[in-house]
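One letter stands for each residue in the lines below.
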Amino acid sequence: EAAVTQSPRNKVTVTGGNVTLSCRQTNSHNYMYWYRQDTGHGLRLIHYSYGAGNLQIGDVPDGYKATRTTQEDFFLLLELASPSQTSLYFCASSGTPSQNTLYFGAGTRLSVL
Amino acid sequence: GDSVTQTEGLVTLTEGLPVMLNCTYQTIYSNPFLFWYVHYLNESPRLLLKSSTDNKRTEHQGFHATLHKSSSSFHLQKSSAQLSDSALYYCALSYQGGRALIFGTGTTVSVSP
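Residues numbered from 1 in each chain as written. Chains lettered and ligands numbered in written order. Predicted model: local features only at pLDDT ≥ 70, side-chain atom pairs only at ≥ 80, totals over all residues. Heavy atoms only, no water.

Colleague: Which parts of the structure should I look at to understand a nonpolar patch on the surface?
Modeller: A contiguous nonpolar patch, built from A:Val12, A:Val14 and A:Leu113 and spanning about 310 Å² of accessible area, is present on the exposed surface. With respect to the helices and strands, the residue A:Val14 is situated in the loop between strand 2 (10–13) and strand 3 (19–25). (Patch = residues over 30% accessible without salt bridge, like charges linked within 9 Å, V, L, I, M, F, W, Y side chains within 5 Å. Areas by Shrake-Rupley, 256 points an atom, 1.4 Å probe, with all protein chains shown as cover. Salt bridge = Lys/Arg side-chain N within 4 Å of Asp/Glu carboxyl O. Helix = DSSP H or I, 4+ residues; strand = E, 2+ residues; numbered from the N terminus.)

Following this line, the structure appears as structure tokens:
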């Protein structure tokens, strides 16, 4: 069973704060993704990567940076957090985008006060 | 651009009744891949079923869906809803060479006794 681990599971910060969300997958998948989930909007793609050092912009990238340090590790950075970034964040991995199953982590619930 | 539409935001029904969740898509690609993902509360979203074959019924865990390219639809059905089916359901689209899954906005299903 594919494994994707996110940390922290919960995070509270203040407006203007600096937050890093971490994700590690142990499935040797090339592709990793960061999504945010919001009621009425579903899962929206923030950034994704198809290998170490690679970064691709998703559909809602504003206010977020990401870095893929190794094949296993993918980080999402919020350098000046805003209340609009309060959300449930999911990391996911897959072998290829089109046909392979997407494996999700347990999610990180972020609150920006 | 490519998109997925789920018209129902919330579906409430009584245990034992049939359920159908609507999913339609738009894409210029003639061979899309369609997916249903399910997100149970406090768990990670996971794949429920997927298809790329026109007019072929796909089944898993009591749910079924048929990809109809003529109507660009991939509706999810179950003949008899159970309490444990209460969850958030996402329809998603991809295609060969695509960068990432394209998710609909999701449908919350609430089943009551």
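That was the structure; now back to the text.
Colleague: Sorry, what's going on with the layout of surface pockets here?
Modeller: Counted as a void, the largest pocket has a volume near 340 Å³. Lining the largest pocket are 17 residues, and of these A:Leu88, A:Arg109, B:His39, B:Leu41 and B:Asn42 lie nearest its centre. Listed by contribution, the elements that provide at least two residues to the lining of the largest pocket are strand 9 (87–94) of chain A together with strand 10 (87–95) of chain B. Taken together, the residues of the lining of the largest pocket break down into seven nonpolar, seven polar and three charged. Within this model, the second largest pocket holds a volume of roughly 210 Å³. Around the second largest pocket, the lining is made up of 15 residues, and of these A:Asp38, A:Thr39, A:Gly40, B:Leu88 and B:Thr108 lie nearest the centre. At the level of secondary structure, the elements contributing two or more residues to the lining of the second largest pocket comprise strand 4 (31–38) and strand 9 of chain A together with strand 10 and strand 12 (107–112) of chain B. A class-by-class count of the residues in the lining of the second largest pocket yields three nonpolar, 10 polar and two charged. (1 Å grid on protein atoms, 1.4 Å probe; cavity = no way out; pocket = protein on both sides within 12 Å on 5 of 7 lines; lining within 4 Å. Points joined across faces, edges and corners; volume = space filled by probe spheres on them. Nonpolar A, V, L, I, M, F, W, Y, C, P; charged D, E, K, R; others polar.)

Colleague: Teacher, can you tell me more about the sheet that holds strand 8 (residues 63–66) of chain B here?
Modeller: Note on sheets: strands pair through backbone hydrogen bonds, and any given pair is parallel or antiparallel. Residue and element names in this part refer to chain B. Reading across the sheet, the four strands line up as 3-9-8-7 and stay open at both edges, with antiparallel pairing between neighbours. What marks the edges here is a single partner per strand, and that holds for strand 3 (19–21) and strand 7 (57–60). Pairs of neighbouring strands in the sheet enclose a mean axial angle of 20 degrees, with direction left out of account. Note: strand 7 against strand 8, four bridges, orientation antiparallel. The residue of strand 8 that forms the bridge with His-60 is Phe-63. (Pairing = 2+ DSSP bridges. Axes fitted to C-alpha atoms, helices over the stretch in contact; angles between N-to-C directions.)

Colleague: When you look at the interface of chain B and chain A in this model, what are you seeing that I'm missing?
Modeller: When the parts of a complex come together, some accessible area is lost, and that lost area is often taken as the interface size. Taken together, the contact between chain B and chain A spans 21 residues of the former and 24 residues of the latter. Looking only at chain B, the three residues that lose the most surface to chain A are B:Pro45, B:Arg99 and B:Phe103, adding up to 33% of its buried area. In this structure, the connection of chain B to chain A is made through zero salt bridges. Remark: the boundary between chain B and chain A carries five residue pairs in polar contact (both at pLDDT 80 or more). Residue assignment for the side of chain B that touches chain A shows that the elements contributing at least two residues are strand 5 (32–39), strand 6 (46–51) and strand 10 of chain B. In terms of residue class, the side of chain B that touches chain A is built from 11 nonpolar, eight polar and two charged. (Contact = heavy atoms within 4.5 Å. Buried area = accessible area lost by both parts, 1.4 Å probe. Polar contact = N/O pair within 3.5 Å; in protein donor to acceptor, adjacent residues only side chain to side chain.)

Colleague: Please clarify how empty space enclosed by the protein should be interpreted in this entry.
Modeller: To find leftover empty space, a probe the size of one water molecule is rolled over the atoms. All names here are of chain B. Considering all chains together, one arrives at one cavity of 30 Å³ or more under this definition. Roughly 30 Å³ of internal volume is contained in the largest cavity. The wall of the largest cavity is formed by Val-19, Leu-21, Phe-63, Leu-76, Asp-85, Tyr-89 and Val-109. Class assignment for the residues of the lining of the largest cavity results in six nonpolar, no polar and one charged.

Colleague: I tried to follow the sheet that holds strand 7 (residues 65–68) of chain A on my own but got confused; where do I start?
Modeller: All names here are of chain A. Here we have four strands laid out as an open sheet, ordered 1-3-8-7, and antiparallel in their pairing. Because the sheet does not close on itself, it has two edges, and the strands there are strand 1 (4–7) and strand 7. Recorded for the sheet is a direction-independent mean angle of 15 degrees between the axes of neighbouring strands. Bridge count for strand 7 against strand 8 (residues 73–78) is four bridges, and the pairing is antiparallel. The partner of Lys-65 across the bridge, within strand 8, is Leu-77.

Colleague: Sorry if this is basic, but what is going on with the environment of B:Ala65 here?
Modeller: Residue and element names in this part refer to chain B. The topology assignment puts Ala-65 in strand 8. Take Ala-65: its relative accessible area is 1%, and that puts it in the buried class. Expressed as a C-alpha distance, the spacing of Ala-65 and Leu-101, which sit 36 residues apart in the sequence, is 18 Å. Contacts of Ala-65, omitting those with residues within four sequence positions, involve Trp-36, Leu-49, Lys-56, Arg-57, Thr-58, Phe-74, His-75 and Leu-76. (Buried < 20%, exposed > 50% of the residue type's maximum accessible area, 1.4 Å probe, protein only.)

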